[in-house]
Amino acid sequence: MRVAVVTFDGFNELDSFIASALINRCRPDGLEAFITTPTPVVTSMNGVPVAGQRPMEFVSEAEVVLIGSGVKTRDVVADDRLLSMLPLDPARQLIGSQCSGALVLARLGLLEHMPACADRTSRPFVEACGVTVLDAPFHAEGNIATAGGCLASQYLATWVITRTLGEDAARAVLDYVAPVGENDETVDRGLRAVHEGSGLTLR
């Protein structure tokens, strides 16, 4: 199972890298994430150049697609060429967005019948698309999920792992990356966020 972490120029490092790093803890179980970019190299909002692992064509092949955020997302949604590189299909793919990535899902018509999560800066722009923005870090309906706030990327990754490999796999990943002495708290918080945001039945 392959995950495309779509990463545009001006991206937020926390959003793309936390999600991909947590998911890639599951490589031995067949779940792998790839930084997917429209150009060979993209530069983060803090000036860090990163080489993409997969081109945008990979989006149509991946079983999971996560749309990261960044300081240029409004430019992305105004660019029909970039949007045409995102032939997303919720009937066969798990699709998620992080912070301003919700703008991309809204522009593609994927949030017409559901509320979404976004960071405070992006909220008014998402609302201007006619989408209700929740005061919550994570929300999912069916195969579409949104997360709001940089560190909510852990919840997006937890959702992906839970949906593809099960709750035990998600527990193991969260336990591994938790701050020392905060393992139970971190695992419980992550799974609770996904449970409350999506209605999944979690132990």
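Further up the page is the structure itself.
Everything numeric in this text was worked out from a predicted model, so none of it was measured.

A. Highlighting the packing of helix 1 (residues 13-23) against helix 6 (residues 153-165). Packing of helix 1 against helix 6 leaves a shortest axis separation of 8 Å and a crossing angle of 35 degrees. In the crossing of helix 1 with helix 6, the sense of the turn from one axis to the other is right-handed. Contacts between helix 1 and helix 6 involve Leu 14, Asp 15, Ile 18, Ala 19, Leu 22 and Ile 23 on the former and, on the latter, Ser 153, Gln 154, Ala 157, Val 160 and Ile 161. Tallied by class, the residues present in the contact of helix 1 with helix 6 amount to 8 nonpolar, 2 polar and 1 charged.

B. Looking closely at the pattern of salt bridges. Applying the stated criterion across every chain yields a total of 10 salt bridges. Its salt-bridge partner being Glu 127, residue Arg 123 comes within 2.9 Å of it at the nearest N-O pair. In this pair, Arg 123 and Glu 127 both sit in helix 5 (residues 123-127), 4 residues apart, roughly one turn of the helix. Judged by relative accessible area, which is 24%, Arg 123 ranks as partly exposed. Between Glu 167 and Arg 171 there is a salt bridge, with its nearest N and O atoms 2.8 Å apart.

C. Geometry of the sheet that holds strand 9 (residues 144-147). With mixed pairing, 7 strands are arranged side by side in an open sheet as 5-2-1-6-7-9-8. Bordering the open sheet on either side are strand 5 (54-55) and strand 8 (138-141), each of which pairs with just one other strand. Inspection of the sheet shows strand 2 (residues 32-37) paired to strand 5 by 2 bridges, in the parallel sense. Paired with Thr 36 across the strands is Arg 54, a residue of strand 5. The sheet contacts of helix 6 involve strand 1 (2-6), strand 6 (64-67), strand 7 (94-98), strand 8 and strand 9, and relative to strand 7 the element is tilted by about 170 degrees.

D. Examining unusual backbone geometry more closely. Here Cys 99, not a glycine, exhibits a phi torsion of approximately 50 degrees, which is positive. Summarising the element assignment, Cys 99 is placed in the loop between strand 7 and helix 4 (101-107).

E. Representation of the pairing of strand 8 within the structure. Direction of pairing for strand 8 relative to strand 9: antiparallel, over a ladder of 4 bridges. Its bridge partner lying in strand 9, Phe 138 is registered against Ala 147.

F. Expanded view of the environment of Val 194. Looking at where Val 194 falls in the secondary structure, it is placed in helix 8 (residues 183-198). Owing to a relative accessible area of 0%, Val 194 belongs among the buried residues under this scheme. Val 194 sits 114 residues away from Asp 80 along the chain, and the two C-alpha atoms are 32 Å apart.

The rules behind the values
Residues numbered from 1 in each chain as written. Predicted model: local features only at pLDDT ≥ 70, side-chain atom pairs only at ≥ 80, totals over all residues. Heavy atoms only, no water. Axes fitted to C-alpha atoms, helices over the stretch in contact; angles between N-to-C directions. Helix = DSSP H or I, 4+ residues; strand = E, 2+ residues; numbered from the N terminus. Left-handed = near helix turned anticlockwise from the far one by under 90°. Contact = heavy atoms within 4.5 Å. Nonpolar A, V, L, I, M, F, W, Y, C, P; charged D, E, K, R; others polar. Salt bridge = Lys/Arg side-chain N within 4 Å of Asp/Glu carboxyl O. Buried < 20%, exposed > 50% of the residue type's maximum accessible area, 1.4 Å probe, protein only. Pairing = 2+ DSSP bridges.

Don't take any of this as a statement about function, it's just geometry.
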